[in-house]
Amino acid sequence: MTESSETSQTPTQVLATPPPATQPPATQRTAPAPSTQPPATQRSQAKENRRQALLSAAAALFAVDGFNRVSLEDLGAAAGVSGPAVYRHFAGKQAVLGALLLSVSQELLDGGRQVIADSDGAAAALRRLVEFHVDFALSNPDVIRVQDQDFSNLADDDQAEVRTLQRNYVELWVEVLAGLHPNTEAAELRMRAHATFGLINSTPHSVRSHGRRIAVKRARPLLQSMALAALMAPSAPLG
């Protein structure tokens, strides 16, 4: 999921109810253990959980209906709160969109850095970056759709910050590719990275065929092999 410095290269991304637990006879029940967290910590955690629920609801609703068609009441209802309660967590609907795309962009950048730090050499780093990005795309199709559709609805400051985070993520890939294509200009390496993001980020559409979903266990290795082939393809001869 990346926003190009020249064009809008965007990443073009949940529940079953368990059976009720069997209750022991009343005579065998014991009182629940008291929480070890202080009340302030419990309240903070509850607030963060609600905030994350709102972001998850926003991703699902924005992906299906688009930012402009979703109201605060819709968001609140999907997260189990009233519409006005959303203001306890966000300044408004546009702030929800900003938090959603900023948090995911930061997670991509942080995750990419960690992948490279944990890898032994450029080849291993590239393989693991591909695996990391494929996992992201398969896990976050709603977020990918939201950036495709609604990036322009971000506040100007949020647009700039998302672009910066995503450019930095692209440059991680460019640096790794430079170790595998030492005589290739950075512009070409950047093009390879963006083309690969386009391939991987197409999963909200490509994992469906005539309305039928392709199993993730089949999609993941196919996407990984195609991405690596694109990234490692030899440069076309000049002339």
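One can find the structure itself at the top, above this paragraph.
Below, the structure is looked at part by part. What you see is a predicted model, and the numbers here were worked out from it, not measured in a lab.

### Some details on the packing of aromatic side chains
And step 1. Within the structure shown, the criterion is met by four aromatic pairs.
And step 2. Between Trp-173 and Phe-197, the aromatic rings sit 5.0 Å apart at their centres with planes inclined by 80 degrees, giving edge-to-face as the arrangement. With Trp-173 in helix H6 (residues 156-180) and Phe-197 in helix H7 (residues 186-200), the pair connects residues that are 24 residues apart, well separated along the chain. As far as burial versus exposure is concerned, Trp-173 and Phe-197 are alike and both buried.
And step 3. An aromatic cluster of three or more residues is present, and its members are Tyr-169, Trp-173 and Phe-197.
And step 4. We note Lys-93 situated over the ring of Phe-67; from NZ or CZ to the ring centre the distance is 4.3 Å.

### Some remarks on the pattern of salt bridges
And step 1. Counted by the stated rule, this structure contains five salt bridges.
And step 2. Across the pair Arg-127 and Glu-131 runs a salt bridge, and its minimum N-O distance is 3.8 Å. With Arg-127 and Glu-131 both in helix H4 (residues 122-139) and four residues apart, this pair spans about one turn of that helix.
And step 3. Of the residues examined, Arg-127 reaches a relative accessible area of 39% and is grouped as partly exposed.
And step 4. Classification of Glu-131 by relative accessible area gives partly exposed; the value is 29%.
And step 5. A salt bridge links Arg-192 to Glu-188; its shortest N-O distance comes to 3.1 Å.

### Brief notes about the side chain of Lys-93
And step 1. Within the secondary structure, Lys-93 is located in helix H3 (residues 93-117).
And step 2. This buried residue, Lys-93, is left without a salt bridge; Asp-74 holds the nearest opposite charge, at 7.7 Å.
And step 3. For Lys-93, the side chain forms a polar contact with the main-chain oxygen of Phe-67, separated by 2.8 Å.
And step 4. Of the polar contacts made by the side chain of Lys-93, one reaches the backbone oxygen of Val-70; its length is 2.8 Å.
And step 5. Every residue in contact with Lys-93, bar those within four places of it in the chain, is listed here: Phe-62, Phe-67, Asn-68, Val-70, Leu-72 and Leu-75.

### Details of H6
And step 1. For H6, which comprises 25 residues, the first-to-last C-alpha distance of 37 Å matches the rise-based estimate of 36 Å (1.5 Å per residue) to within 8%.
And step 2. When H6 is considered as a whole, its buried residues turn out to be Asp-158, Gln-159, Val-162, Leu-165, Gln-166, Tyr-169, Val-170, Leu-172, Trp-173, Val-174, Val-176 and Leu-177.
And step 3. Those residues of H6 that are buried are in contact with H3, H4, helix H5 (141-150), H7 and helix H9 (216-232).

### Some details on the nonpolar core
Soluble, globular proteins show a tendency: their nonpolar side chains are buried together.
And step 1. Formed by 56 residues in total, the largest nonpolar core has its most connected members in Phe-62 and Trp-173.
And step 2. Listing elements by their share of this core, those giving two or more residues are helix H1 (39-65), helix H2 (72-79), H3, H4, H5, H6, H7 and H9.
And step 3. Counting residues per element, this core draws most heavily on H3, at ten residues.
And step 4. Excluding residues within four positions of it along the chain, Trp-173 makes contact with Leu-126, Leu-129, Val-130, His-133, Ala-193, Thr-196, Phe-197 and Leu-231.

Quick notes on the rules
Residues numbered from 1 in each chain as written. Predicted model: local features only at pLDDT ≥ 70, side-chain atom pairs only at ≥ 80, totals over all residues. Heavy atoms only, no water. Phe/Tyr/Trp six-rings, centres within 6.5 Å; stacked < 30°, edge-to-face > 60°. Helix = DSSP H or I, 4+ residues; strand = E, 2+ residues; numbered from the N terminus. Buried < 20%, exposed > 50% of the residue type's maximum accessible area, 1.4 Å probe, protein only. Lys NZ or Arg CZ within 6 Å of the ring centre and 35° of its normal. Salt bridge = Lys/Arg side-chain N within 4 Å of Asp/Glu carboxyl O. Lys, Arg positive; Asp, Glu negative; His and termini not counted. Polar contact = N/O pair within 3.5 Å; in protein donor to acceptor, adjacent residues only side chain to side chain. Contact = heavy atoms within 4.5 Å. Expected span 1.5 Å × (residues − 1). Core = buried A, V, L, I, M, F, W, Y, C linked by side-chain atoms within 4.5 Å.

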